[in-house]
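Next come the chains, spelled out residue by residue.
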Amino acid sequence: MDLLSDLFLAKAAFIGIVFAITLGIAAYSTYFERKIAAFMQDRIGPDRAGPFGILQPLADAVKMFMKEDFIPANSNKWLFIAGPCLSMLTALMTSAVVPFGDTVTIGGVTFDLQGIDVNIGILWVFGIVSLGVYGILIGGWASNNKYSLLGAIRAASQNISYELAMGLAIIAILLFTGSLSTKAIVEGQQNGHWNIFYQPLGFIIFLICAFAECNRTPFDLPECETELIGGYHTEYSSMKLGFYLFAEYINMFISGAVMATLYFGGYDYPGIDFVTAQFGNNIAVFVGMGALIGKALLFVFVFMWVRWTLPRFRYDQLMGLGWAGLIPLSMYNVVVTAFGILIGKPFTAGIVGVVLLILGLLIHDQLFVKKKIA
Amino acid sequence: MVISNIWYFLSGLTLLSALMVVLAKNPIHSVLYLVFTFFCISGHYVLLNAQFLMAVNIIVYAGAIMVLFLFVIMMFDLKKNQPESKSSLTKLAGSVVAGTLLVLLIALLRKNNLPAPSEVNFKSQTGMVETLGKILYTEYLLPFELISILFFVAMVGAVMLGKREAGERNF
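Residues numbered from 1 in each chain as written. Chains lettered and ligands numbered in written order. Predicted model: local features only at pLDDT ≥ 70, side-chain atom pairs only at ≥ 80, totals over all residues. Heavy atoms only, no water.

Asker: In this structure, what is going on with the environment of glutamate 119 of chain B? I would like to understand it.
Answerer: Residue and element names in this part refer to chain B. With respect to the helices, strands and loops of the structure, glutamate 119 is situated in the loop between helix H4 (88-112) and helix H5 (129-138). Overall, glutamate 119 belongs to the exposed group, its relative accessible area being 77%. Between the C-alpha atoms of glutamate 119 and glycine 133, which are 14 residues apart in sequence, the distance is 24 Å. (Helix = DSSP H or I, 4+ residues; strand = E, 2+ residues; numbered from the N terminus. Buried < 20%, exposed > 50% of the residue type's maximum accessible area, 1.4 Å probe, protein only.)

Rendered as structure tokens:
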């Protein structure tokens, strides 16, 4: 391994750029979250710092840094500090395998717009997601506060429960692609053959699981003012709290990027051949990178949209949805997908699968569910 | 950087963190050191070019099993449930047994002189997921299917244990 080779420097530069983009988008997500909330509640929102309040994230960061950094007396000091750091670390690590674009050639050197192209890419995502719970769990326990601990335990059980359905939804994708590599998954969807058309049910399951994994409303039960004071970050203040909140926004962006990669063709966009012919390969690839980030931002918007529209679940409803609703549904999705590949008509099978499911639910509802007579 | 240097570093780290699992006074620290040990072992898998095993090791052990460990230990009141210190006779007996086992293992390894794998026959793709899948679904199909039955039985057992009987307390 040569530390000064072109490949190493290019990778380091690329990873640095991805980090910068991720952190910048996460910072401005906080601003847009408040703007969107304001729009939905017919308010103006932050408008004091800079034109349209555009400097609000900077002001927030300064505020976070200036606050007193408090560590409770009977807490476990090192683990208390390690909690938010782990949250940030795991949030940032997932982007390593997201393919942001095809290869570009600059100055005779060919770069791959992907952190690491491993042939187990999607398992890497899955592994890091399953590690994400450590930051919350350790922080909640180290605070030495029973409400923090309860919040941490809620977060852990929620994440573990929804990982199963998420994994089963991914299996249906893998049946299509025949490869665990994220790059191969994207290349299989080029020219408009996006997985969303073949996997509508799988996408809905994955989206719900992504909400739960990011601890976003309607699944934001780890933090709950009425039951748990503040949840797992009750004892946190200053930038440590900022890290926890920031990690949530990074997770939103990264899970949006992963969803775009898995279901919406990654860096594919309509008219890619035209752009390549007109402006050359490099421009087309960078437009593709923009397309991927745009799709991810669209998902960030969906996250916010849902947050300010839907009420939250009760905890037993959340567990019931995860174990008794989504897991059987994703198993059904795997069977339908496998059947579609077997008969060679995956598109029809996907549609027929959804229609059959809705019909089955309607019939079940009519026959077996007792209606309250109003 | 030579690969063997990374190997030595990683092995040292693995042994150190594994040792800390036993030596740490606080059970939570023990669990976290164990998680770190699993990461080091995953690093060894990467050096062996077995990326699939690396990912699965992290997902299953670090991501699922150790979270449950942490979960259970966090529920304990650690101040009340301190294990009492063992008597010096027990400590002595423990060290004698462990030392004997160590000597036995070293003697066994020295006696056997494990042959170094030949560079000619070495296949770098052995640990890749495609190769692994092909072997699992052809040569070792029966054991693989038997394991899946075992898993299924364990799953049904877990659901049965966790199920609330009619009339039992609703927590």
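Asker: Before we go on, may I ask you to explain the nonpolar core in this structure?
Answerer: Note on soluble globular proteins: their nonpolar side chains tend to be buried together. All names here are of chain A. One finds Phe206, Leu262 and Tyr263 to be the most contacted residues of the largest nonpolar core, which totals 108 residues. The element best represented in this core is helix H11 (residues 238-263), accounting for 14 residues. Beyond its immediate sequence surroundings of up to four residues, phenylalanine 206 is in contact with Met166, Ala169, Ile170, Val258, Met259, Leu262 and Tyr263. Ile272, Val275, Ala284 and Ala291 belong to the second largest nonpolar core, which has five residues in total. (Core = buried A, V, L, I, M, F, W, Y, C linked by side-chain atoms within 4.5 Å. Contact = heavy atoms within 4.5 Å.)

Asker: Please explain empty space enclosed by the protein as it appears in this structure.
Answerer: Sizing a probe to match a water molecule and rolling it over the atoms shows the empty space that remains. All names here are of chain A. Scanning all chains against the criterion turns up two cavities of 30 Å³ or more. The volume enclosed by the largest cavity comes to roughly 400 Å³. Taken together, 26 residues form the lining of the largest cavity, with Val129, Gly132, Glu213, Cys214 and Asn251 sitting closest to its centre. It is H11 that contributes the most residues to the lining of the largest cavity, seven residues altogether. Split by residue class, the lining of the largest cavity holds 16 nonpolar, eight polar and two charged. A volume near 90 Å³ is recorded for the second largest cavity. Around the second largest cavity sit 14 residues that line it, and Tyr198, Asn333, Val336, Thr337 and Gly350 are the ones nearest its centre. Mapped by element, the contributors of at least two residues to the lining of the second largest cavity are helix H9 (200-213), helix H14 (315-343) and helix H15 (346-368). Taken together, the residues of the lining of the second largest cavity sort by class into eight nonpolar, six polar and no charged. (1 Å grid on protein atoms, 1.4 Å probe; cavity = no way out; pocket = protein on both sides within 12 Å on 5 of 7 lines; lining within 4 Å. Points joined across faces, edges and corners; volume = space filled by probe spheres on them. Nonpolar A, V, L, I, M, F, W, Y, C, P; charged D, E, K, R; others polar.)

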